[in-house]
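These are the residues of each chain, in order.
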Amino acid sequence: MKNHFSKILGAAALGIFLYSCESKSKEETKVEEAVQEQAFGTTFQNKKVETYEIKNANGMKMKVTNFGARVINLWVPDKDGNLVDVVLGFETLDEYLASGEKYFGAAIGRYGNRIANGKFTLDGEEYNLPINNNGQTLHGGPGGMDYVIWDVKKSGENGLIFSYTSPDGEEGFPGELKVTMVYTITDDNEFKVTYEAETDKATPVNLTHHSFFNLNGAGNGNILNHSLQLNASKYTPVNEVLIPTGKIPTVKGTPFDFTTATKIGERIDQENEQLKFGGGYDHNWVLDKTGKDLTQAAVVLSPQTGIEMEVWTTEPAIQFYSGNFLDGTITGKGGKVYELRSAFCLETQHFPDSPNQPNFPSTILKPGEKYEQTCIYKFGIK
């Protein structure tokens, strides 16, 4: 009887153990299915390059790599319920490294946009940065945050936490800067990016995200049929090397007036000095807002797919770029050619060249302060 009872207890214990293992296995499988991880190329700067895939409950999903914290694919539903990949990019690490367009889908820092002549003065000291764009420093320099390997941790089933420490003096910038970004695909069909940064020495900081969007689908023609609305009644004109002049005029009566929804291609080829300098739109719009509240900055719609994208931000400005330097020489995902103006970028940001423009909002982060920013790309159907 005693032996029989012991066998029953043993069987019960085994059953509980097996059930526990099965439950744990199912839970682990659920997480693995939600955040898929795989190798991407081999290594870069002696670090392993990987990709990660996250998704929400609606089927919207995104593929990201730790190389530059780049978004490789972003699949969103169109008006027929089909998933459409709406960002330009490549299928291999080697293609990213070899491309003449180095910012596809990348995290940008330390300073998004341009700094004039690669120089600024802070606390009485002049800093010299690498030059990488017509005599200017663009997007933090050639070794900016788009060109490093980020540390990655999973955040639940639909998020990724990226972290990177930029050492003092990297690309000429002062101070050790610790950056954390969280990418989330929410069940409201949002691609949400939150940023935090801290420094041990005063330094300019202007982080942003640089996906190249085409709401018709990546590589599916140009974006001139998209309508764009910007909640911005002023902008910052530039000189011939795309550095702001310091003036902040109204957009009224100019091709830069997107205060009501207007097709991107409607006025892009008009005779206009600013359009000539940029080869189209490549300018900073000053948002109609005060403070750091999360507000809507832009709305873009593709009549072809019915996909609508809203951009929300805590930042004071947004850069609208109409893909003017895409010229048909780049072949991307699926063997599709990226033609002239086959993508647009909407980069939430502070103003370009702010360290040299005292009338612009300050971008200086000091020790003991925390840089915080939120950007949301929200997708829907119209």
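What counts, and where the lines are drawn
- Residues numbered from 1 in each chain as written.
- Predicted model: local features only at pLDDT ≥ 70, side-chain atom pairs only at ≥ 80, totals over all residues.
- Heavy atoms only, no water.
- Helix = DSSP H or I, 4+ residues; strand = E, 2+ residues; numbered from the N terminus.
- Polar contact = N/O pair within 3.5 Å; in protein donor to acceptor, adjacent residues only side chain to side chain.
- Contact = heavy atoms within 4.5 Å.
- 1 Å grid on protein atoms, 1.4 Å probe; cavity = no way out; pocket = protein on both sides within 12 Å on 5 of 7 lines; lining within 4 Å.
- Points joined across faces, edges and corners; volume = space filled by probe spheres on them.
- Nonpolar A, V, L, I, M, F, W, Y, C, P; charged D, E, K, R; others polar.
- Core = buried A, V, L, I, M, F, W, Y, C linked by side-chain atoms within 4.5 Å.
- Buried < 20%, exposed > 50% of the residue type's maximum accessible area, 1.4 Å probe, protein only.
- Phe/Tyr/Trp six-rings, centres within 6.5 Å; stacked < 30°, edge-to-face > 60°.
- Lys NZ or Arg CZ within 6 Å of the ring centre and 35° of its normal.
- UniProt positions renumbered as here; feature names shortened; annotations may be inferred.
- Salt bridge = Lys/Arg side-chain N within 4 Å of Asp/Glu carboxyl O.

1. Quick look at the side chain of R114
If you trace the backbone, R114 turns up in strand 7 (residues 114–115). Side chain to side chain, R114 and N133 meet in a polar contact 3.1 Å long. Those residues in contact with R114 that lie beyond four places of it in its chain are N133, T137, L138, V241, L242, I243, D282, P352 and D353.

2. Looking at empty space enclosed by the protein
Counted under the stated rule, the structure contains two cavities of 30 Å³ or more. Approximately 50 Å³ is the volume found for the largest cavity. In terms of lining residues, the largest cavity is bounded by G109, R110, G140, G143, G144, M145, Y164, S166, E170, E171 and F173. Grouping the amino acids of the lining of the largest cavity by side-chain chemistry returns three nonpolar, five polar and three charged. Reported here for the second largest cavity is a volume of approximately 40 Å³.

3. Some thoughts on the nonpolar core
Grouped together as the largest cluster of nonpolar side chains are 61 residues, with contacts concentrated most on L74, Y183, W285, L346 and F379. Ranked by the residues each element gives to this core, the list is headed by strand 13 (residues 177–185), at five residues. In terms of nonpolar packing, the next biggest core, distinct from the first, is built from 24 residues, F40, L88, Y96 and C345 among them.

4. Some thoughts on the packing of aromatic side chains
Between two aromatic rings, the relevant description is the distance of the centres plus the angle of the planes. With the rule as written, the count across this model stands at 30 aromatic pairs. Across from the ring centre of W75, 5.0 Å away, lies the NZ or CZ of K61, which sits over that ring. Against the face of F258 rests R267, its NZ or CZ located 5.0 Å from the ring centre.

5. Quick notes on the UniProt feature "binding site: beta-D-galactose" (unreviewed entry) in the protein
Mapped onto the present numbering, the UniProt feature "binding site: beta-D-galactose" (unreviewed entry) falls on N113, R114 and D282. Taken together, the annotated residues stretch across 170 residues yet fold into one region, lying no more than 11.5 Å apart by C-alpha. Lining the second largest cavity, from this annotated set, are N113, R114 and D282. Relative accessible area serves as the criterion here: at 6%, R114 is assigned to the buried category. Turning to its location among the elements, D282 is positioned in strand 20 (residues 282–286). Side-chain polar atoms of D282 contact the side chain of Q319, separated by 3.0 Å.

6. Here's the deal with the pattern of salt bridges
Where charged atoms from two side chains of opposite charge come close, those side chains can pair. Taken as a whole and assessed by the stated rule, the structure comprises eight salt bridges. Among the salt bridges present, the one from D146 reaches K102, with a minimum N-O distance of 2.6 Å. With D146 in the loop between strand 10 (137–138) and strand 11 (151–155) and K102 in the loop between helix 2 (93–98) and strand 6 (106–108), this residue pair connects regions lying 44 residues apart in the sequence. You'll find D146 and K102 in the same group, each marked buried. For K370, the salt bridge is made with E196, and the minimal N-O distance between the two is 3.8 Å. Pair noted here: K370 is in the loop between strand 27 (364–365) and strand 28 (371–381) and E196 is in strand 14 (residues 190–199), with a separation of 174 residues, a long-range link. Here E196 falls in the partly exposed class, since its relative accessible area comes to 36%.

7. So, unusual backbone geometry
Here the residue pair G109 and R110 is connected by a cis peptide bond, since its omega of 5° sits within 30 degrees of zero. You can see R110 is positioned in the loop between strand 6 and strand 7. At D123, a residue that is not glycine, the phi angle is positive and equals roughly 50°. Assignment of secondary structure puts D123 in the loop between strand 8 (119–122) and strand 9 (125–128).

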